[in-house]
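Tertiary structure, described
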Amino acid sequence: MQGHPTPEKILQTGTAFWASKTLLSAVEMGVFTELARGPEKFEALRGRLGLHVRGARDFLDALVSLGFLAREGDSYGNTPETELFLDKNKPSYIGGILEMANHRLYPFWAHLTEALKTGAPQNEIKGGEAALFENLYADPDRLKEFLRSMTGISHGANMTIARVFPWKDYNTFVDVGTAQGDLATQIALANPHLRGTGFDLPQVAPIFEEYTKATGVAARVAFAPGDFFKEPIPKADVVLMGHILHDWDLPTKKMLIKKAFDTLPSGGAFVVYEAIIDDARRTNTFGLMMSLNMLIETPGGFDYTGADCAGWMKEAGFSSTRVEHLVGPDSMVVGIK
Ligand SMILES: C[S@@+](CC[C@H](N)C(=O)[O-])C[C@H]1O[C@@H](n2cnc3c(N)ncnc32)[C@H](O)[C@@H]1O
């Protein structure tokens, strides 16, 4: 380190939850959706959002200072980013993940120390019997919030996979654990010659079908209900798994990789993507934190490096593998059978 040490970074990180919760509360109250109709003066905005006078000015100005609102005179408006990504009425809305972060992850992360000492999940399944997805899916509102949040966190990588993967060499794909179906949708939109399947638990069907209808790909992208613990993965030239392997312990990860291998034809491709940790485990902070999030959320899940995943793929029989960066913290690991 150059120069004298300063406490700045320590203090910034130690209080980073202030910034985080300020943004999450703004999303919760629909500040950016409200302002997508146009800039508003302070009193009108305060009234519309139902803010008490005491914190209102500090809250809105903190959002200005964080770069999420613009202020001119006494009027507040969205920035280009919040206008595009945090207005609930636009298809580019990514706030689903922030809504879930606000309702679920924020309170659960208060118990990180306990998770680190016990190795046990700290979410709804804490001390209970039901598994994560059974528990999430028992409540229709929570199910929808969870599936939409997946679109929010995955959309950028989904669009990149749709563009950079050599799709012209293939005709069919199956997205395993497809959630709302955004990956399947983006692939189909960018590659009109392809037909695809979204494979997920049966409860997901209506939410997937609503999304693929709305995005206009329903004629080429179908839903296949199933449980990957009990059934084989539907056959296709390319099998994709986004944010699936990190949910599970090592034996389950290997079982899923083997199922993908078994279903593919010779020459078929297996695409695994999520916040793949750098091999030196030093720089992809988001991937490392995502792995801590799996500690909080699941009994055995963890994130992993590209080298880890390539090794498991080789063990399952894939003849070649490669790791490619996608966008932000996300990379994909591709295995060819
Ligand atoms: C973390 S989400 C990932 C969603 C999406 N692939 C993405 O990257 O945004 C995990 C998905 O796996 C699905 N899933 C969980 N258990 C499953 C099972 N036993 N069989 C099939 N799908 C399952 C969930 O319903 C959920 O949609």
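The structure reproduced in this document is the subject of the present report. This structure is a prediction, so every number in the text was calculated from the model and none was measured.

1. Some remarks on the pairing of strand β4 (residues 172-176)
Of all five residues in β4, four are buried; the element is thus mostly enclosed. The sheet contact formed by β4 and strand β5 (residues 195-200) spans five bridges and is parallel. Opposite T172, over in β5, you have R195 as the bridge partner. In this fold, the crossover linking β4 to β5 by way of helix α11 (residues 182-190) has right-handed handedness. With four bridges connecting them, β4 and strand β7 (residues 238-242) associate as parallel partners. Bridging from a neighbouring strand, V174 pairs with V239 of β7.

2. Some thoughts on the pairing of β5
Looking down a regular strand, the side chains alternate between one sheet face and the other. Pairing geometry for β5 and strand β6 (residues 221-225), over five bridges, is parallel. By the bridge assignment for β6, G198 is matched with F223. Handedness of the crossover joining β5 and β6 through helix α12 (residues 205-214): right-handed.

3. Topic: the site of the ligand
Taken together, 19 residues lie around the ligand, and Y137, S154, G177, D200 and H243 are the ones closest in. Contact between the ligand and G177: a nitrogen atom at 2.7 Å from a main-chain N or O atom of the residue. Here a nitrogen atom of the ligand sits 2.9 Å away from a polar atom, N or O, in the main chain of F228. Against a free-state accessible area of 600 Å², the protein chains account for coverage of 95% of the ligand. Take the shell around the ligand: its biggest share by element is three residues, from helix α10 (residues 140-164). Of the residues belonging to the shell around the ligand, the class tally is eleven nonpolar, five polar and three charged.

4. Quick word on the sheet that holds strand β3 (residues 75-78)
Reading across from one edge, β1-β3-β2 is the order of the three strands in this open sheet, with antiparallel pairing throughout. Two strands bound the open sheet, and with one partner strand each, they are β1 (40-41) and β2 (69-72). Its contacts with the sheet place helix α5 (residues 53-66) against β2 and β3, and it is angled at close to 110° to β2.

5. Details of the nonpolar core
The biggest cluster of nonpolar side chains holds 89 residues, and the ones touching the most others in it are F165, W167, V238, L240, M241 and F270. Examining the composition of this core, we find that seven residues originate from one element, α10, more than from any other. For W167, the contacting residues outside a window of four places in its chain are I161, A162, F173, I187, N191, H193, L194, V238 and L240. In terms of nonpolar packing, the next biggest core, distinct from the first, is built from five residues, F108, L112, A115 and I296 among them.

6. Digging into α5
For α5, built from 14 residues, the straight-helix expectation of 20 Å at 1.5 Å per residue is met to within 8% by its first-to-last C-alpha distance of 21 Å. Packed against the buried residues of α5 are α2 (16-29), α3 (31-35), α4 (42-49), β2 and β3. Looking one or two residues beyond α5, the residue adopting positive phi is G67, at roughly 90°.

7. Let's talk about the packing of α4 against α5
Two quantities define a packed helix pair, namely the angle between the axes and the distance from one axis to the other. Relative orientation of the contacting elements α4 and α5 amounts to 115°, with a least axis distance of 11 Å. By the angle between their directions, the pair α4 and α5 is classed as roughly perpendicular. Handedness of the α4/α5 crossing: right-handed. Listed contacts from α5 to F42, L45 and R46 of α4 are V53, A56, R57 and L60.

8. A look at the sheet that holds strand β9 (residues 320-327)
With mixed pairing, the seven strands of this open sheet are ordered in space as β6-β5-β4-β7-β8-β10-β9. Looking at strand neighbours, the two that pair on one side only are β6 and β9, the edges of this open sheet. On average, each strand axis in the sheet is tilted by 20° relative to the strand beside it, whichever way the strands run. Sheet analysis places strand β8 (residues 269-274) next to strand β10 (residues 330-336), joined by six bridges and oriented antiparallel. Among the inter-strand pairings, E274 is bridged to a residue of β10, identified as S331.

9. What about unusual backbone geometry?
In this structure, H243 takes a positive phi of about 55° despite not being glycine. Mapping H243 onto the fold places it in the loop between β7 and α13 (250-263). The backbone of R281 sits at a positive phi, close to 50°, despite the residue not being glycine. Note on placement: R281 falls in the loop between β8 and α14 (285-297).

10. Points about the packing of aromatic side chains
Any pair of aromatic rings gets described here by the distance separating the centres and the angle formed by the planes. In this structure the tally under the stated criterion is 17 aromatic pairs. Considering the side-chain rings of F229 and W248, the 5.0 Å spacing of their centres and the 80° angle between planes classify their relative orientation as edge-to-face. Residue F229 is located in the loop between β6 and β7, and its partner W248 is located in the loop between β7 and α13; the two are separated by 19 residues in the primary sequence. For the pair F302 and W312, a centre-to-centre distance of 6.5 Å together with 85° between the ring planes defines the contact as edge-to-face.

About the cut-offs
- Residues numbered from 1 in each chain as written.
- Predicted model: local features only at pLDDT ≥ 70, side-chain atom pairs only at ≥ 80, totals over all residues.
- Heavy atoms only, no water.
- Buried < 20%, exposed > 50% of the residue type's maximum accessible area, 1.4 Å probe, protein only.
- Helix = DSSP H or I, 4+ residues; strand = E, 2+ residues; numbered from the N terminus.
- Pairing = 2+ DSSP bridges.
- Right-handed = clockwise from strand over helix to strand, strands pointing away.
- Near = heavy atom within 4 Å.
- Polar contact = N/O pair within 3.5 Å; in protein donor to acceptor, adjacent residues only side chain to side chain.
- Areas by Shrake-Rupley, 256 points an atom, 1.4 Å probe, with all protein chains shown as cover.
- Nonpolar A, V, L, I, M, F, W, Y, C, P; charged D, E, K, R; others polar.
- Contact = heavy atoms within 4.5 Å.
- Axes fitted to C-alpha atoms, helices over the stretch in contact; angles between N-to-C directions.
- Core = buried A, V, L, I, M, F, W, Y, C linked by side-chain atoms within 4.5 Å.
- Expected span 1.5 Å × (residues − 1).
- Parallel < 35°, antiparallel > 145°, perpendicular 65-115°, else oblique.
- Left-handed = near helix turned anticlockwise from the far one by under 90°.
- Phe/Tyr/Trp six-rings, centres within 6.5 Å; stacked < 30°, edge-to-face > 60°.

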